[in-house]
Each structure stands twice: as C-alpha cells, then as structure tokens.
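# Commentary on secondary and tertiary structure
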Amino acid sequence: MAKITAGIACSHVPAIGVAMDQHITEQPYWQPVFEGFEYSREWNKKNKPDVVFLVYNDHCTAFDASVIPTFALGCAAEFTPADEGWGPRPVPVVKNHQEFASHIAQSLVLDEFDITIMNEMDVDHGLTVPLSVMFGDKTPEDDWGTLVIPLAVNVVQYPAPTANRCYALGQAIRRAVDSWDEDLNVHIYGTGGMSHQLQAQRAGLINATWDQQFMDILVNEPEKARKISHVEFLRETGSEGIEMVMWLVMRGALDEKVTEVHRHYHVPASNTAVGHLILENHA
Ligand code: DHB
Ligand code: FE
C-alpha cells in the first residue's frame with residue numbers, strides 16, 4: 001500500500017535556488033540558511049521517498065490572469081523547469097508517477113474535491129527550490145531521485161482557498177494515497193512562506209514571533225491552525241505570507257499526532273523569513 005510517511009514544510013525563495021545554481025551557498029549571507037538544511041538532506045537520504053506529493057504555488061508562470069485554477073493537479077508525464085526571465089534553472093526535468101497521479105485525480109473528484117487536471121505544465125521556483133533544498137545539487141543530466149506529483153494552489157490572485165479548505169484537501173489526499181495498492185513511500189511537501197511582503201507600503205515585512213507560533217500550532221494543534229483566517233495571514237505575515245495555506249494541505253494529510261524531527265527558521269533570505277519543518281507520521 002502507498003503510505004504518507006512524512007510531511008515537509010519549506011520556503012521557496014527564488015534566491016535560494018540561485019545561490020545553489022551559482023555555488024555560493026558558503027558565502028556568509030547564505031551559510032546560515034543552508035546550514036539548517038544539512039540535517040534535512042541526510043534525513044532525506046535515509047528516508048528516501050518513492051514519490052513526493054508537492055503542494056506549491058505557481059507565480060504567473062504556467063498560469064496568468066486568463067486562467068486561475070484554485071487547485072491544479074499535475075497529471076503529465078513530466079514537467080519542465082520554467083524560464084522565469086533568466087532562463088530555466090539548470091536542474092533536472094521533474095518526472096511524474098502518472099498512474100498514481102491519475103488515481104489521485106479520480107479519488108479527489110469522486111471525494112468531491114473538483115481539482116483541475118494539468119496535462120501540460122512548466123514548473124517554477126515554487127516547486128524546484130524545495131526539491132533542490134531537500135535533494136541537493138543536481139544538473140539537468142541528473143534525475144531528482146524521486147517521482148513528483150505537483151499540486152498547484154492559487155495564492156497569487158484573490159481569492160485564495162482558506163486554510164480550512166486546504167486542510168480538508170490534505171485529508172482527501174491522504175484517503176487517495178491510502179487507497180493505492182502499490183507499495184510506495186510518499187512524502188508530502190507544503191511549500192512557500194513564511195512571513196514576507198514583496199510590494200507596496202509594507203514591503204519587507206517579517207513577523208518572526210507569529211511565524212514561530214504558527215509552526216508550533218501547525219505541528220501540535222492542527223485543528224486550531226486550520227481556523228486561521230485570510231485576514232490574520234495578511235495582517236500578521238504580509239501579502240505573500242498567505243502562501244502558508246499550502247502548509248495546511250501537507251498537515252491535513254498527516255496523522256493528528258506527528259513527530260517533529262527537524263525545524264529551521266532563518267531571517268532573511270532575500271525578502272522572506274525561511275521556515276522549514278520535517279514531520280514524521282506516527283503510524
Ligand atoms: C521572494 C519570495 C517568494 O516567495 C517569491 O515567490 C518570490 C520572491 C523573495 O523573498 O525574494
Ligand atoms: Fe512565492
């Protein structure tokens with residue numbers, strides 16, 4: 001049976017990818033950011049997933065204002081790293097487990113989560129940066145070392161889905177995975193965040209106290225975390241802090257009680273508070 005054994009939360013700041021691609025992670029600015037991921041890479045090797053179910057957001061790369069799916073599941077055979085203006089990142093093409101993705105699409109829709117099905121999609125920093133963080137340096141000739149099923153969540157154009165809806169979707173993803181017969185070790189990623197605002201009067205906003213409390217609540221009191229409102233995310237964590245609703249999808253797919261095996265928090269990377277958690281399922 002396929003099993004979700006762990007959930008990983010991780011910021012996706014594009015400059016983290018650039019630092020890896022340019023091999024400058026040892027520079028004083030970057031060293032403390034990457035130091036916090038050293039444990040994660042070792043843990044990832046020991047607990048190697050067959051499939052990563054990667055919840056992320058597209059940043060007007062695959063989608064623009066003409067089409068705004070709230071939840072879009074990647075069902076293509078593969079996903080090409082996108083050109084976001086400086087050429088595509090020099091990282092491997094992302095390979096799907098297409099049959100499993102199709103099963104999840106069916107299970108979600110029959111479970112009344114009417115996701116959009118993507119049979120063609122380029123993937124931007126929202127997806128490739130968390131993979132780089134967990135799997136380390138890769139060239140386009142390598143493979144990632146895991147199959148990846150992407151789920152793109154709209155957090156760019158109002159209205160984004162609520163934390164509560166994201167949590168419920170995570171629970172439905174858990175049911176979909178649990179009903180797939182093949183023996184697969186599945187990790188689920190919730191990406192983006194933490195506090196950051198890239199625009200207008202409050203650009204540069206960081207709220208370390210709130211971010212740390214959010215991690216505590218997400219891990220230990222998920223029923224409380226799922227009730228956090230859009231207004232609270234925006235007020236406390238800035239306009240882009242709303243990306244954290246994606247962490248709720250990840251948390252909803254895990255057991256009620258989980259073991260926090262790793263936490264990393266660092267301010268800043270670019271304009272953003274970097275947050276990272278590794279949570280293991282008890283069962
Ligand atoms: C930054 C952070 C993001 O989440 C993003 O999507 C783009 C840029 C930043 O801090 O630079
Ligand atoms: Fe972002």
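In the annotation of an unreviewed UniProt entry, the entry for the chain reads Protocatechuate 3,4-dioxygenase, and the organism field reads Maritimibacter dapengensis.

What follows deals with the site of ligand 1. If you check the shell around ligand 1, you find His 12, Val 13, Pro 14, His 59, His 125, His 196, Leu 198, Glu 243, Ala 269, Ser 270, Asn 271 and Thr 272 and nothing else. Between ligand 1 and the protein, one listed contact pairs an oxygen atom with a side-chain N or O atom of His 12 at 3.0 Å. At 2.6 Å from an oxygen atom of ligand 1 is found a side-chain nitrogen or oxygen belonging to Thr 272. Applying the majority rule of atoms within 2 Å of the grid points places ligand 1 in the largest pocket. Residue composition of the shell around ligand 1, grouped by class: four nonpolar, seven polar and one charged.

All right, on to the coordination of the iron ion (ligand 2) then. In this structure, His 12 (NE2), His 59 (NE2) and Glu 243 (OE) serve as the protein donors to the iron ion (ligand 2), at separations of 2.1 to 2.2 Å. Mapped onto the sequence, the residues coordinating the iron ion (ligand 2) show the spacing H-x46-H-x183-E. A residue pair is termed long-range when its members are at least 10 positions apart, and His 12 in the loop between strand S1 (2–10) and helix H1 (14–21) and His 59 in the loop between strand S2 (51–56) and strand S3 (71–74) qualify at 47 residues. His 12 sits in the buried class, given a relative accessible area of 4%.

For the coordinates displayed, the defined rule picks out seven aromatic pairs. Where Phe 100 meets Trp 180, the ring centres are 5.5 Å apart and the plane angle is 25°; that geometry is what we call stacked. Note that Phe 100 is positioned in helix H4 (residues 98–110) and Trp 180 in the loop between helix H6 (163–178) and strand S8 (184–191), a separation of 80 residues in sequence. Neither residue differs from the other here; Phe 100 and Trp 180 are each classed as buried. Here the aromatic rings of Trp 210 and Phe 214 are separated by 5.3 Å at their centres, their planes lie at 10°, and the arrangement is stacked. Remark: Phe 214 and Trp 210 occur in helix H7 (residues 208–220); sequence separation between them is four residues, near one turn of the helix. Trp 210 sits in the buried class, given a relative accessible area of 8%. Put simply, the rings of Trp 210, Phe 214, Phe 233 and Trp 247 pair up and form one aromatic cluster.

Moving on to the state of the cysteines. Enumeration over the complete set of coordinates arrives at zero disulfides. Between Cys 60, a free cysteine, and Cys 166, which holds the nearest cysteine sulfur, the sulfur-to-sulfur gap is 18 Å. For Cys 60, a relative accessible area of 53% puts it in the exposed group.

With that settled, the discussion passes to H4. Because an α-helix packs 3.6 residues into every turn, residues spaced three or four apart end up facing the same way. Between the first and last C-alpha of H4 there are 18 Å, a value that for 13 residues agrees with the 18 Å anticipated at 1.5 Å per step. Regarding H4, the residues found buried are Phe 100, Ala 101, His 103, Ile 104, Ala 105, Ser 107 and Leu 108. Positive phi appears at Glu 112, one or two residues downstream of H4, with a value of about 75°.

Two faces, one strand: in a regular strand the side chains alternate between the faces of the sheet. Among the seven residues of strand S7 (residues 147–153), six are classified as buried, and the element is accordingly described as predominantly covered. Summarising the sheet, S2 and S7 pair through six bridges and their orientation is parallel. From the neighbouring strand, Phe 53 faces S7, where its bridge partner is Ile 149. Sheet topology note: the S3/S7 ladder contains three bridges and is antiparallel.

Moving on, we get to the sheet that holds S7. Here eight strands make up an open sheet; going across it, the order is S6-S3-S7-S2-S8-S1-S10-S9 and the pairing mixed. Only two strands of the sheet have a single neighbouring strand rather than two, namely strand S6 (116–118) and strand S9 (258–269). Mean inter-strand twist for the sheet, computed between neighbouring axes without regard to direction, equals 20°. H4 contacts S1, S2, S3, S6, S7 and S8 of the sheet and is inclined by roughly 150° relative to S3. Of the strands in this sheet, S1, S2, S7, S8, S9 and strand S10 (272–281) are in contact with helix H10 (residues 245–252), which crosses S8 at around 155°.

Calculation rules
Each chain carries its own residue numbering, running from 1 in the written order of its sequence. Chains and ligands are labelled sequentially in the order written, the chains with letters from A and the ligands with numbers from 1. pLDDT decides what is reported in this predicted model: residues at 70 or higher carry local features, side-chain atom pairs at 80 or more are listed and counted, and totals for whole chains, interfaces and linings draw on all residues regardless. Calculation of side-chain values draws on the structure's entire complement of heavy atoms; hydrogens and water are dropped beforehand. A molecule or strand has a residue near it when one of that residue's heavy atoms lies within 4 Å. Here a polar contact is taken to be a pair of N or O atoms separated by no more than 3.5 Å, where protein atoms must pair a possible hydrogen donor with a possible acceptor and residues adjacent in sequence count only if both atoms sit in side chains. Lining residues are defined by having an atom within 4 Å of a point belonging to a cavity or pocket. Those points lie on a 1 Å grid over the protein atoms alone, cavities being sets where a 1.4 Å probe fits but cannot get out and pockets being open sets with protein on both sides within 12 Å along at least five of seven lines. For a cavity or pocket, the test is whether more than half of a molecule's atoms lie within 2 Å of its grid points; if they do, the molecule sits there. In this count, Pro and Cys sit with the nonpolar residues alongside Ala, Val, Leu, Ile, Met, Phe, Trp and Tyr, while Asp, Glu, Lys and Arg are called charged and the others, Gly among them, polar. Water is absent from the atoms considered, so a metal site may look incomplete; donors are defined as N, O and S atoms within 2.8 Å of the metal, or 3.2 Å for Na, K and Ca. Only DSSP runs of H or I reaching four residues or more are called helices, and only runs of E reaching two or more are called strands; each is numbered from the N terminus. Residue exposure (1.4 Å probe, protein chains only): buried if accessible area is under 20% of the type maximum, exposed if over 50%, otherwise partly exposed. Centres within 6.5 Å make a pair out of two Phe, Tyr or Trp rings, where for Trp the six-membered ring is used; the pair is then stacked when the planes are under 30 degrees apart, edge-to-face when over 60, and tilted otherwise. Any two cysteine sulfur atoms within 2.5 Å of one another count as a disulfide. Multiply 1.5 Å by the residue count of a helix minus one, and that product is the helix's expected span. Should DSSP find at least two bridges between two strands, the strands are regarded as paired. Whenever a helix is involved, its axis is fitted only over the stretch in contact; in every case the axis is a line through C-alpha atoms, and angles between N-to-C directions fall within 0 to 180 degrees. The contact criterion used is simple: two residues touch if any of their non-hydrogen atoms lie within 4.5 Å.

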